[in-house]
Amino acid sequence: MRYISTRGQSPAATFEQVVLTGLAPDGGLYIPEKLPVVSLQQLADWQKLSYSDLAFEVIRMFVGGAIPDAALKAMITDSYRSFTDPEVAPLRHLHDNQWVMELYCGPTLAFKDFALQLLGRLLDYFLEKRQQHVAILGATSGDTGSAALEGCKHCRFVDMFILHPHNRVSEVQRRQMTTVTGDNINNIAVEGNFDDCQEIVKQAFSDQGFLPKGYQLVAVNSINWARIMAQIVYYFHAGLKFLGKYPAVSFSVPTGNFGDIYAGYLAKQMGLPIRQLIIATNQNDILHRFISSNRYHKTALQASLSPSMDIMVSSNFERYLFDLFQRDSKRVAGFVTGLSRDVQHVSEAEWARARAHFASYSVDDAATCETIRSIHARTGYLADPHTATGLKAAEMCDTDISIPMITLATAHPAKFADAIEKAGLTVPGLPPHMADLFTRPERCSVLPNSLDAVKQFMQQRLLKRS
Ligand SMILES: *Cc1c(COP(=O)(O)O)cnc(C)c1O
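Residues numbered from 1 in each chain as written. Predicted model: local features only at pLDDT ≥ 70, side-chain atom pairs only at ≥ 80, totals over all residues. Heavy atoms only, no water.

Caption draft 1: The overall build of the protein, seen in detail. A tally of helices and strands in the protein yields 18 helices and 13 strands. For a compact globule of 466 residues, the expected C-alpha radius of gyration is about 23 Å, and the protein comes in at 21 Å, within 12% of that figure. Referenced to the eigenvectors of the C-alpha coordinate spread, the extents of the protein come out at roughly 60 × 50 × 50 Å. Residue burial in the protein is summarised as follows: out of 466 residues, 59% are buried. Contacts in the protein between residues far apart in sequence, at least 24 positions, make up 76% of those at least 6 positions apart. Summed over its atoms, the accessible surface of the protein is roughly 18,100 Å², and 50% of this surface lies on carbon and sulfur atoms. (Helix = DSSP H or I, 4+ residues; strand = E, 2+ residues; numbered from the N terminus. Rg over C-alpha atoms; globule rule 2.2 N^0.38 Å. Buried < 20%, exposed > 50% of the residue type's maximum accessible area, 1.4 Å probe, protein only. Contact = heavy atoms within 4.5 Å. Areas by Shrake-Rupley, 256 points an atom, 1.4 Å probe, with all protein chains shown as cover.)

The following block contains the structure:
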């Protein structure tokens, strides 16, 4: 399996290279040169597989021989062993044809564990083989940081530097990061906002000369292909539950960077019978504006009750544009870079195709709370605020009610106490493995909002380690 860049100016890369870098050298995102296709017969055969065995079948098509089967299978089994539900991604019936798939049974209680548990193991596998060390550098406004730290804390060849805006993440989210222990773990609270953190990360990636000899930086946000790949699996897992009983299923997906729903789009392209994919956004609704009005442009970032979906621009949308523009990488580059100047549009025919691929709906904070309340009253299910946007969008979009609608439940409600309280409900306790979160010691370095300060800090830490 070879991977190509959406911007068309980088040579094709192997799976190993793609995992170890993140972004392509030309600034584009990697995608498979040719998407594997799964027949209906193969889907039927997969119905009896456990989650890990299914993950192995799906993922090995993308790994394309870069890892021997036995080693890959062991990594995948290890990745999902710590999930608290035996189904890994259990489906819960709400009412009529409405379902949720709970993607928060992993160590940090959000769906990002699905990808980051595996990514940590993939990195260590390839780095051990190469006897090479890397530094992960990432900025987080919440869930990505803790999932990355949990996923990579055992990696022997990886040092982690996770930046978060000082005093601007929730207490549960901060503690989930600062209580992870390990000599290779570094939490940095930057005296600035999330955009400042992201800017520091971007600058550091573009000039890595400050790293000690032999080190390179790796990105673990959803621009890394391995994250998308791991997320494709649970769409198959859900679809297979209904295969043979219904002609297809639909999904409603709480969306920020377009990583999760893009995985669903790929599952559909690979042959899984999916009828509809709904993009659910909060008030940061760049994707909903595009689907509903063919206008793609930045607006100011708004803080919402679903902070993990607070984005101005959805980075993975570039991967979808590559398909929409029929692999014309010049147009992809023009569209994405043009965004800093003005509003972007696609042709009428392309817009029609995008609307055939995706429905969309934007859910503000008031509607989020109202949905948490009403779903709980009607079904007893307590949704977190991200999940609630998906549930509301499933209700508001024009859908075929004769087939199952599966809303992805992306986080555990205990992580987002604010929204649950605002909805007038009782915040549930943290699950047993996190019950002592508020008494564990924290480790974090507070640094000024300065690229040089972060570079210097990283350099000193890495020199001490090597
Ligand atoms: C990251 C996240 C999302 C958004 O996922 P994208 O892949 O960025 O679209 C939704 N809900 C939760 C809880 C998240 O952590």
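Caption draft 2: Representation of the packing of aromatic side chains within the structure. A full pass over the atoms with the stated rule returns 31 aromatic pairs. Each ring, one from Tyr80 and one from Phe83, has its centre 5.3 Å from the other, and the planes form 70°; the classification is edge-to-face. Overall, the relative accessible area of 6% leaves Phe83 in the buried class. Relative to Tyr234, the ring of Phe114 lies with its centre 5.0 Å away and its plane at 75°, an arrangement referred to as edge-to-face. Residue Phe114 is located in helix H5 (residues 112–130), and its partner Tyr234 is located in helix H9 (residues 225–242); the two are separated by 120 residues in the primary sequence. Each residue in the set Phe258, Tyr262, Tyr265, Phe290, Tyr296, Phe317, Tyr320, Phe325, Phe335 and Phe358 is aromatic and connected to the rest through ring pairs, giving one cluster. If you follow Arg331 out to its NZ or CZ, it ends over the ring of Phe325, 3.9 Å from the centre. Positioned over the ring face of Trp351 is Arg355, at 3.7 Å from the centre of the ring. (Phe/Tyr/Trp six-rings, centres within 6.5 Å; stacked < 30°, edge-to-face > 60°. Lys NZ or Arg CZ within 6 Å of the ring centre and 35° of its normal.)

Caption draft 3: Summary view of the packing of helix H15 (residues 365–379) against helix H16 (residues 385–396). Here H15 crosses H16 at 85°, and the two axes come no closer than 9 Å. One element, H15, and the other, H16, form an angle in the roughly perpendicular class. Each of Ala367, Thr368, Thr371, Ile372 and Ile375 in H15 lies in contact with H16, whose residues at this interface are Pro385, Ala388, Thr389, Leu391 and Lys392. When the residues that make up the contact of H15 with H16 are grouped by side-chain class, the tally is 6 nonpolar, 3 polar and 1 charged. (Axes fitted to C-alpha atoms, helices over the stretch in contact; angles between N-to-C directions. Parallel < 35°, antiparallel > 145°, perpendicular 65-115°, else oblique. Nonpolar A, V, L, I, M, F, W, Y, C, P; charged D, E, K, R; others polar.)

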